[in-house]
Amino acid sequence: MLLLLLGIIVLHVTVLVLLFVSTIVSQWLVNGNHMADLWQNCTSGTIFQCLTSSTNEWLQSVQAMMILSIIFSVLSLFLFFCQLFTLTKGGRFYLTGIFQILAGLCVMSGAAIFTVRHTDWHQASENTTYGFAYILAWLAFPLALASGIIYVILRKRE
């Protein structure tokens, strides 16, 4: 049972790290010396220069979804530890699982909106590729969903 709990906590912390990195790092779109993310556009050449991102409504919704996913995941981890000590024997971690599933759905919504609408913000070119932070956001989605489902199925033992 201890190894199961340790595995679940490691999975949850992994999801949290992926969410934090994908939200903070400036690597959602990469085009040569130009990098763009949710917060700023950076150009690296002889001088590294960053400008704030645009104020498009869709970009603000992506920012909100990514922040909500982090909040829901942190809240889910906190609830898991609280329920671990207060839940009766045989009880399920429904509340923890619901918040983790919400975190997964929020990150999926944010990444999907970015996928559909990023061409409104930056013109697509041959050299423009998705950066590693964008890929980490999509990787966090199934992991958060899986950990949420594990929490819902999990029963508390002694």
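The sections below set out a description of the structure shown in this document. (Residues numbered from 1 in each chain as written. Predicted model: local features only at pLDDT ≥ 70, side-chain atom pairs only at ≥ 80, totals over all residues. Heavy atoms only, no water.)

Quick look at the overall build of the protein now. For the protein, the count of helices and strands is 4 helices and 5 strands. Mapped from its N terminus to its C terminus, the protein presents α and β elements in the order α-β-β-β-β-α-α-β-α. Taken over the C-alpha atoms alone, the protein extends approximately 60 × 30 × 25 Å along its principal axes. Counting the 158 residues in the protein, one finds 41% classified as buried. (Helix = DSSP H or I, 4+ residues; strand = E, 2+ residues; numbered from the N terminus. Buried < 20%, exposed > 50% of the residue type's maximum accessible area, 1.4 Å probe, protein only.)

Taken in spatial order, the 5 strands make up an open sheet running β4-β3-β2-β1-β5, and their pairing is antiparallel. Edge positions in the sheet fall to β4 (49-52) and β5 (129-130), since each has one partner strand and no second. (Pairing = 2+ DSSP bridges.)

Turning our eyes to something else, we now look at the nonpolar core. A general trend in soluble globular proteins is that nonpolar side chains are found buried together. Residues L19, W28, L38, V62, M66, V107 and F114 are the most contacted members of the largest nonpolar core, which totals 21 residues. If you list the elements that add at least two residues to this core, you get α1 (2-24), α2 (57-86), α3 (94-121) and α4 (132-153). Tallying contributions element by element places α4 first for this core, with 7 residues. Setting aside residues up to four positions removed in sequence, L38 forms contacts with T23, W28, S53, L59, V62, Q63, M66 and F114. (Core = buried A, V, L, I, M, F, W, Y, C linked by side-chain atoms within 4.5 Å. Contact = heavy atoms within 4.5 Å.)

Take α4 next. Structural remark: α-helix, 3.6 residues per turn; residues separated by three or four positions point the same way. Over its 22 residues, α4 extends 32 Å from the first C-alpha to the last, a length consistent with the 32 Å expected when each residue adds 1.5 Å. Within the span of α4, buried status applies to A133, Y134, L136, A137, A140, F141, A144, S147, G148 and Y151. (Expected span 1.5 Å × (residues − 1).)

Under the criterion given, the structure shown has 10 aromatic pairs. Ring geometry for W28 versus F114: centroids 4.9 Å apart, planes at 70°, classification edge-to-face. Highlighted residues: W28 in the loop between α1 and β1 (29-31) and F114 in helix α3, separated in sequence by 86 residues. Since its relative accessible area comes to 0%, F114 is described here as buried. Between the aromatic rings of F80 and Y151, the centroid separation amounts to 5.0 Å while the plane-to-plane angle is 45°, which identifies the pairing as tilted. Of the two residues, F80 sits in helix α2 while Y151 sits in helix α4, which places them 71 residues apart along the sequence. (Phe/Tyr/Trp six-rings, centres within 6.5 Å; stacked < 30°, edge-to-face > 60°.)

Assignment of secondary structure puts T96 in helix α3. What makes T96 buried here is its relative accessible area of 0%. Dropping the residues within four chain positions of it, T96 is found in contact with S76, L79, F80, Q83 and Y151.

The next subject is the environment of F80. Classification of F80 by relative accessible area gives buried; the value is 0%. Taking the C-alpha atoms as reference, F80 lies 8.5 Å from Y151; in sequence the two are 71 residues apart.

On to the pairing of strand β3 (residues 40-43). Summarising the sheet, strand β2 (residues 34-36) and β3 pair through 3 bridges and their orientation is antiparallel. By the bridge assignment for β3, M35 is matched with C42. Count of turn residues in the β2/β3 antiparallel hairpin: 3 residues. The pairing of β3 with β4 spans 4 bridges and is classified as antiparallel. The residue bridging T43 from the neighbouring strand is Q49, located in β4. If you look at the hairpin formed by β3 and β4, you'll find 5 residues sitting between the two strands.

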